[in-house]
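Close look at the chain arrangement
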Amino acid sequence: MVSRDIMRSTTRDFQMYYNPELHNEVRLDTNTNVLGDNPAASKFLKNIDIEINGYPNTYSNNLRDALAELYDLERSNFVVGSGSDEMLDVSFKTFTEWGDNCVSPVPSYTLYDYFVEMNGGKAIGVDLTEEFQLDVDAMLKPEAKIIIMPSPNNPTGNSFKSKDIEEILNRSKGIVIVDEAYGEYADESMVSRVNEFENLIVLRTFSKAYAMAGLRVGYAVASKPIADMMNCVKIPYSLNAISEWAAVAAVKDQEFIRRSVEMVRAERPYLADGLRKLGFEPFPSDSNFIMAKAPVDHAMLVSQLKAKGVMIRDFGSKRRTENCIRTTVGTRELNDLLLSKIEEVLREC
Ligand SMILES: *Cc1c(COP(=O)(O)O)cnc(C)c1O
């Protein structure tokens, strides 16, 4: 049998990503938009009439132009691709030299280490403070080529302080990536600051508030020189034409995004209260999900809920999120369903 020694040493320990067996469960485990498919993108797909013989635009200029208009920036500030996961890959590919330090906070998005190591970098985790805020001095200490953080943070849910992010941008000699996958839900964004900080890359996605994770569209916003470097490294045509035009339609329907964000802001305190009453300790959130410490064993809770048809995400065996679970904020109906199923599990155990 061929052994894993045949693999490149930096990828030899890789395991496959979260890929649960599904039986029509209600999914509160992936933080997608609970209002359902993006209506403008959906409408585009139903009346689809595009040529598939020719290649899509090499750098997705139709979408870059729509985004430039949305943010009052220029096409040349944008890099577009297949999910913000591709943008993560392109960022590390473009800037990481073999063995370079890449710093991310702990806890944060688990896929960062995978992209760092795949591209030959050395992944260094730096603990957040007790309040899950950035420890600025500790983040800067390893002299990283790339410092990356999600804000709002996944899985904790809170935003980092802008003044801490700014201090990191000012003091770091490398690239600083702020992953705003949940940026639509937050009060502040770094997108408008890309021309002020030449070492800043902001990542955004159509997978969460935009309700089109199935189409795999994400983008990076950066100063023109940085965006240009990334576009030179990115695989040409990586975003297919169907996804590109669906995303253009979605950008032009900001009303759906506003409605989605308002729903989350109204329901988040209701869900947090409900969880608190059941003995959970929810953490403050600026996103469409809540992390909470469970009153019973995390693994038992998550598997019993799945058996009852509701999926949430288990972070309970990881350091700093001991016995914690993460759930997407639902509609009132979904939140009541989740709370009642949790109550059943607590009664039965
Ligand atoms: C969901 C998520 C993404 C999105 O990735 P896509 O490839 O755009 O679907 C990126 N970063 C974080 C922190 C996320 O939670």
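Shown above is the structure to which this text applies.
Let me begin by describing the structure that accompanies this report. (Residues numbered from 1 in each chain as written. Predicted model: local features only at pLDDT ≥ 70, side-chain atom pairs only at ≥ 80, totals over all residues. Heavy atoms only, no water.)

Section: the sheet that holds strand S7 (residues 200-205)
For clarity, the cut-off: A strand pair is defined by DSSP finding two or more bridges across the two strands. Here a strand is any run of E in DSSP of at least two residues, a helix any run of H or I of at least four, and the numbering for each starts at the N terminus. Where helices are involved, their axes are fitted lines through C-alpha atoms of the stretch in contact, as for all axes, and angles between N-to-C directions lie from 0 to 180°. Contact definition: two residues touch when any of their heavy atoms are within 4.5 Å.
Across the sheet, which stays open at both edges, the seven strands sit in the order S2-S8-S7-S6-S5-S3-S4 with mixed pairing between neighbours. Where the open sheet ends on each side, the last strands, each with one partner, are strand S2 (78-81) and strand S4 (122-127). Looking at each pair of strands side by side, their axes are set apart by 20° on average, direction ignored. Here five bridges tie strand S5 (residues 146-150) to strand S6 (residues 175-179), and the two strands are oriented parallel to one another. Residue pairing across strands places Pro150 opposite Asp179, the latter belonging to S6. Helix-sheet contacts for helix H3 (residues 83-95) involve S2, strand S3 (101-106), S5, S6, S7 and strand S8 (218-222), and the interaxial angle to S7 is about 160°. Sitting on the sheet, helix H7 (residues 224-233) is in contact with S2, S6, S7 and S8, with an inclination near 30° to S2.

Re the environment of Gly83
Relative to the helices and strands, Gly83 resides in helix H3. Sequence separation between Gly83 and Ser207 is 124 residues, and the spatial gap between their C-alpha atoms is 7.5 Å. Look past the residues within four positions of Gly83 in its chain and what remains in contact with it is Arg216, Val217 and Gly218.

Regarding the sheet that holds strand S10 (residues 289-293)
Taken in spatial order, the four strands make up an open sheet running S9-S10-S13-S12, and their pairing is antiparallel. Two strands bound the open sheet, and with one partner strand each, they are strand S9 (281-282) and strand S12 (313-314). As judged from the five bridges shared by S10 and strand S13 (residues 324-328), these two strands associate in the antiparallel manner. From the neighbouring strand, Phe289 faces S13, where its bridge partner is Thr328.

Brief notes about the packing of H3 against helix H4 (residues 111-118)
Note the following rule: Comment on the angle field: the value is read as roughly parallel under 35 degrees, roughly antiparallel over 145, roughly perpendicular from 65 to 115, and oblique elsewhere. By definition, any crossing whose near helix is turned counterclockwise from its far helix by less than a right angle is left-handed, and any crossing with a clockwise turn is right-handed. Only Asp, Glu, Lys and Arg are considered charged, only Ala, Val, Leu, Ile, Met, Phe, Trp, Tyr, Cys and Pro nonpolar, and every remaining residue, Gly among them, polar.
Interhelical geometry of H3 versus H4 gives an angle of 40° and a closest axis separation of 9 Å. As summarised for this structure, H3 and H4 are arranged oblique, according to the angle between their axes. Of the two elements, H3 crosses H4, and the hand of that crossing is right-handed. Two secondary-structure elements touch here, H3 through Asp85, Leu88, Asp89 and Phe92 and H4 through Leu111, Tyr112, Phe115, Val116 and Met118. Taken together, the residues that form the contact of H3 with H4 break down as seven nonpolar, no polar and two charged.

Overview of helix H11 (residues 332-348)
Formally: To estimate the expected span of a helix, count its residues, drop one, and scale the result by 1.5 Å. Residue burial is assigned from relative accessible area. The probe radius is 1.4 Å, only protein chains are included, and a residue is buried under 20% of its type maximum, exposed over 50%, and partly exposed in between. Within this analysis, the arc is defined by the directions that extend from the helix axis to the C-beta atoms.
Across its 17 residues, H11 extends 24 Å between first and last C-alpha, which sits within 8% of the 24 Å expected from 1.5 Å per residue. Within H11, the full set of buried residues consists of Asn335, Leu338, Leu339, Lys341, Ile342 and Val345. When H11 is viewed along its axis, its buried side chains cluster within an angular range of 165° and face the same direction. Across H11 from its buried face, at more than 90 degrees, point the exposed residues Glu333, Arg347 and Glu348.

Side note on the site of the ligand
Using the following cut-off: For each residue, the test is whether any non-hydrogen atom lies within 4 Å of the molecule or strand; if one does, the residue is near. The term polar contact refers here to a pair of N or O atoms within 3.5 Å; inside protein, the definition further demands a hydrogen-donor-capable atom paired with an acceptor-capable atom, and it admits residues adjacent in sequence only when both atoms are side-chain atoms. With residues, only the protein chains shown are counted as cover, and all accessible areas are computed by Shrake-Rupley using a 1.4 Å probe.
Surveying the vicinity of the ligand reveals 13 residues, the closest of which are Ser84, Asp179, Thr205, Ser207 and Lys208. Asn154 is positioned with one of its side-chain polar atoms (N or O) 2.8 Å from an oxygen atom of the ligand. Across the complex, the protein chains shield 94% of the 390 Å² of accessible surface that the ligand would expose by itself. With three residues, H3 is the single largest residue contributor to the shell around the ligand.

What about the packing of H3 against H7?
Orientation of H3 relative to H7, taken along the N-to-C sense of each, is 100°, at an axis distance of 9 Å. When the interaxial angle is binned, H3 and H7 end up roughly perpendicular. Along the contact surface, H3 presents Met87, Val90, Ser91, Lys93, Thr94 and Phe95, while H7 presents Ile226, Met229, Met230 and Val233. When the residues that make up the contact of H3 with H7 are grouped by side-chain class, the tally is seven nonpolar, two polar and one charged.

Here's the deal with H4
For H4, the set of buried residues is Leu111, Tyr112, Phe115 and Val116. Projection of H4 onto a plane perpendicular to its axis shows the buried side chains occupying an angular sector of 140°, all on one side. Each element contacted by the buried residues of H4 is listed here: H3, S3, S4, S5 and S6. Among the residues trailing H4, Gly120 stands out with phi positive, at a value near 85°.

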